[in-house]
Each structure stands twice: as C-alpha cells, then as structure tokens.
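# Descriptive analysis of the structure
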Amino acid sequence: MKLLILKGLPEEHVYSQFANALQGGLREIGHTCDVLERPFLSANLLPLVQELEAILAKERHNGVVSFGCWVSGPRYGDGESIYDSLGVKFLGWAVDHPIYLDDLLAEGPTGRFTVYPNPNLQRFGRAIGVPGPGAVILPGAIPATPLARDHRDRRWPIVIAAVYRGPPTERPWASLPGNQIRLVLDHITDCLLEDPEASLIDAWEGTAARAGLSLPELKALDPSFETLRLPLTFVRNSARYDLVRTLVQSGLPIAVCGSGWREELGDAPNVTYLDSIPFAEIGRLYGQARICINLNAGNGACERAVQAALSGAAVVSDRNSALSELLGEDQGVRTFHHGFPQGLIKILGDLLESGDAEAMGAFARGRVSTSGLWRHRAEQAVDLLGMG
C-alpha cells in the first residue's frame, strides 16, 4: 500500500510530529508512505490542490492522510471529487474537537474516513453531518528513550504542561444581543462544567429544546459554529486556569511547564516554573516526572497523556473513555473531574503518600508499548481504509 500524508505546519507543531511518526509507523509495517509539506492553511488553495492532483496521478497513492483534515473535499469544476476520480481514499485525522475543524465539514469523496480521539467527538461529528464512516483512535506515542528510569531517580514529583491563555474573563457572550441566545449559551456552559467529559454533544442535546434548533439547522445559520465554539472555549480556558492555580496554591511539589504562568500566579516554595517546550521534547520532560497531569482529555487528543505513559510516569487526567480503555482505569490512569480541582489535589496527595505512582506508570507503559505506539496506529489506519 502507498499513502501520502499532508503536512501543513512547521516541523515543531504537534500535527507535523504526528505526520512524521505515522510515516515511520507505516514504513515499519511494510508500507510505502510519502509526506507532502505545503502550507495547506493558505488562503489560496487552488495551486496546492492542482499540485496534489498531479502528484496523486503520477505516484498512484492509494490514500491520503491529513491530521488537520485539510483539503478533504477538492473537486473539479463539474463537481466530481478529485480523490474519487483518481481512486484515492481520504483519511481525516481529527486531533481536536470537530467544531474547530472547518475542513471536516467539507463534502468529501466516496472513500472518506474520519478518526476522532473520543467517542463523544465522533457523536458530534455524526450529528453535524461529517460525511463518511469514522473510528475512535487516540494518537500514538513516540519513543523518547529506550528505558524508563526508576522513579527515585526522577527530578519532578508532579509535572503539568499547560498553555497559558490568560485569566478567565466574563462569559464572552454576555454582551450578545438577544436574551434567548445568552440563556442557551449559559446553559451549555453549565452542562459542560458539570459533565466529567465536558461533552459538547451532550450539552447541546440537553439544551436543544431551549434553542429551538437542531444542529443541522444551526449549521445552516452559522456554518463554522462560531457561536457554539464560545462556551467550549470558555470552559477549556477557565478549567485549565482554575486547575493550575489550585495546584500552585496546594503546597504539593509541582513543576508547571508553560510560559506565562509564573508572571500570572507568582512564585511559591512548592512550585518550579519551566518554559514552554515543543511537543518533540515532551517525552524527555515526562521521563523526569513521577506523576503527569493531563488536561482537556474530553475534547482533545490526549497526546501528552499517551506520551507520559510511555515514559513510565503515572498519568492523572480528566475523563476520556478512550484513554481509560488504553491505559486501564485506576491501574494505568486515575481520573478527576475537570470542574472540581480539589478532587485532583486529593488524587495527587494519595499517590505521593502511597508510593503507587511507579506501579501505575509501569502498567500504563506496558499498555502503550503493546497497543499505543504509532506502529499500532499505522495498522489501524490501514485497516480503516480497507487496505490491510
């Protein structure tokens, strides 16, 4: 089999790291894989699509993979899919919530497939009409070191890597005209805060009667779902801020990786602040940690959690059923509610006191080593495309 991976962002970006890792995984299991590096977020896609068409026609690739779901539906002037015309299948690999991926909604070829990192995101994709079948698959882990060091030799008791987006502000829709839309968005936000997985599809379904709209009807009015993005983005940012602030104030020994947190929260004797690092280096950071905290599991890809598990660190994460299935609930990952920071503090305190973190890390590392590497993801992609 011969695949082409679209790579449209700088080398240090996580999507590009995934592209490189999947290429290596495909080659490891005996398939041919090329990578096309072009600015697929460009405003003028026509030259890129024309180049892509020429490459596919010449090289006779069987399928195209795009981690950003870019260029998912290019068509000729008569409306025929370029992929269909060339007999090429398309795999859009979503590593964020579908609501942020505009290209995911484009009408694709007959042989189009979508990968989601969470069952709730797949349900949302179906509800908004993402075409073609899909599957729930977490990203793979990229080996950073051949052996995981003993926990007694690790520098950091607890590590959290989190992007600083500033302190929470007033709900950004408070000034929108129309009382009804504000009430709807407030209700969605409350549902997201209460739900352990912060599932937007469940929040919407619990609010749809108030909105008086179905998701397809809302899509017709707001094709990019700009309005519906507001509560999810708000909850993501406010939950992250509250959790990091609570950790800093907890007295637990913790390293916070991410520029801006020190200036915002100030120094504390229990806290070490670390500058932001590219994803390619995250494995080395987690290799120095006994416990790693993963955030936004319900609406993200959990790539940090999988990488932390491979490093042998104990993973503590908010809820994602796919992550729990991979690592093993309680044995390989402990979960907390993103809306209740004190629950996280208790889990961390118990792990530090009991000394169970090393056994947890070893269990999760074993699970990832046997079913969570990019070689395994390559096998799943091949099977999904019906080429295994």
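The structure this text deals with has already been given above.
Residues numbered from 1 in each chain as written. Predicted model: local features only at pLDDT ≥ 70, side-chain atom pairs only at ≥ 80, totals over all residues. Heavy atoms only, no water.

### Some thoughts on the overall build of the protein
- Across its full length, the protein holds 16 helices and 12 strands.
- Its C-alpha atoms put the protein at 65 × 55 × 35 Å along the principal axes.
- Looking at the 388 residues of the protein, the share that counts as buried comes to 53%.
- Accessible area for the protein stands at about 16200 Å²; split by element, carbon and sulfur atoms hold 50% of it.
- Averaging the positions of the 35 positive and the 45 negative side-chain charges in the protein gives two centres separated by 4 Å. (Helix = DSSP H or I, 4+ residues; strand = E, 2+ residues; numbered from the N terminus. Buried < 20%, exposed > 50% of the residue type's maximum accessible area, 1.4 Å probe, protein only. Areas by Shrake-Rupley, 256 points an atom, 1.4 Å probe, with all protein chains shown as cover. Lys, Arg positive; Asp, Glu negative; His and termini not counted. Charge placed at Lys NZ, Arg CZ, Asp CG, Glu CD.)

### Some remarks on the nonpolar core
- Trp93 and Leu228 are the most contacted members of the largest nonpolar core, which has 100 residues in total.
- Here this core takes 7 residues from helix 1 (residues 14-28), the largest share from any one element.
- The residues contacting Trp93, other than those within four sequence positions of it, are Leu22, Val65, Ser66, Phe67, Gly68, Cys69, Val115, Ile137, Leu138, Trp374, Arg377 and Ala381.
- Listed in part, the 28 residues of the second largest apolar core include Ala162, Tyr241, Ile293 and Met360. (Core = buried A, V, L, I, M, F, W, Y, C linked by side-chain atoms within 4.5 Å. Contact = heavy atoms within 4.5 Å.)

### Some points on the packing of helix 9 (residues 226-249) against helix 14 (residues 341-354)
- Running from N to C, helix 9 and helix 14 cross one another at 45°; their axes reach a closest spacing of 9 Å. Overall, the two elements helix 9 and helix 14 adopt an arrangement that is oblique. Relative to helix 14, helix 9 is oriented so that their crossing is right-handed. Residues Asp242, Leu243, Thr246 and Leu247 of helix 9 form the contact with helix 14, whose own contacting residues are Pro341, Gln342, Leu344, Ile345 and Leu348.
- Among the residues forming the contact of helix 9 with helix 14, the class breakdown is 6 nonpolar, 2 polar and 1 charged. (Axes fitted to C-alpha atoms, helices over the stretch in contact; angles between N-to-C directions. Parallel < 35°, antiparallel > 145°, perpendicular 65-115°, else oblique. Left-handed = near helix turned anticlockwise from the far one by under 90°. Nonpolar A, V, L, I, M, F, W, Y, C, P; charged D, E, K, R; others polar.)

### Some thoughts on the packing of aromatic side chains
- This model, assessed by the stated rule, comprises 13 aromatic pairs.
- Note on Phe67 and Trp374: the rings are 5.8 Å apart at their centroids and 90° apart in plane angle, and the pair reads as edge-to-face. Residue Phe67 is located in the loop between strand 3 (63-66) and helix 3 (82-86), and its partner Trp374 is located in helix 16 (residues 374-384); the two are separated by 307 residues in the primary sequence. Each of the two residues, Phe67 as well as Trp374, counts as buried.
- Both rings, one in Trp173 and one in Phe234, keep their centres 5.7 Å apart while their planes meet at 75°; by these two values the pair is edge-to-face. On the criterion of sequence distance, the pair formed by Trp173 in the loop between strand 7 (156-161) and helix 5 (179-194) and Phe234 in helix 9 is long-range, its members being 61 residues apart. Of the two residues, Trp173 and Phe234, neither departs from the other in class, the shared state being buried.
- Put simply, the rings of Phe18, Phe67, Trp93, Phe279 and Trp374 touch in pairs and so form one group of aromatic residues. (Phe/Tyr/Trp six-rings, centres within 6.5 Å; stacked < 30°, edge-to-face > 60°.)

### Some words on the sheet that holds strand 4 (residues 89-93)
- Taken together, the 6 strands give an open sheet; going across it, the order is 2-1-3-4-5-6, and neighbouring strands pair in parallel fashion. Each edge of the open sheet is held by one strand with a lone partner, namely strand 2 (32-37) and strand 6 (134-136). Direction aside, neighbouring strands of the sheet carry axes that sit 20° apart on average.
- Pairing between strand 3 and strand 4: 4 bridges, direction parallel. Directly across from Val65, in strand 4, lies its bridge partner Leu91.
- Packing of helix 1 onto the sheet brings it into contact with strand 1 (2-7), strand 2, strand 3 and strand 4, and relative to strand 1 it is tilted by some 170°. (Pairing = 2+ DSSP bridges.)

### As for the sheet that holds strand 11 (residues 314-318)
- Reading across the sheet, the 6 strands line up as 9-8-7-10-11-12 and stay open at both edges, with parallel pairing between neighbours. Since the sheet does not close on itself, it has two edges, and those belong to strand 9 (271-274) and strand 12 (333-336), each with one partner. Direction aside, neighbouring strands of the sheet carry axes that sit 25° apart on average.
- Both strand 8 (residues 254-257) and strand 9 contribute to a ladder of 4 bridges, which runs parallel. Among the inter-strand pairings, Ala255 is bridged to a residue of strand 9, identified as Thr272.
- Across the sheet, helix 15 (residues 357-371) touches strand 10 (289-294), strand 11 and strand 12, and the angle it forms with strand 11 is around 85°.

### Description of the pattern of salt bridges
- Evaluated as defined, the whole model comprises 19 salt bridges.
- A salt bridge links Arg152 to Asp150; the nearest nitrogen and oxygen atoms lie 3.1 Å apart.
- Judged by relative accessible area, which is 30%, Asp150 ranks as partly exposed.
- The structure contains a network of salt bridges with shared partners spanning Lys7, Glu11 and Glu37. (Salt bridge = Lys/Arg side-chain N within 4 Å of Asp/Glu carboxyl O.)

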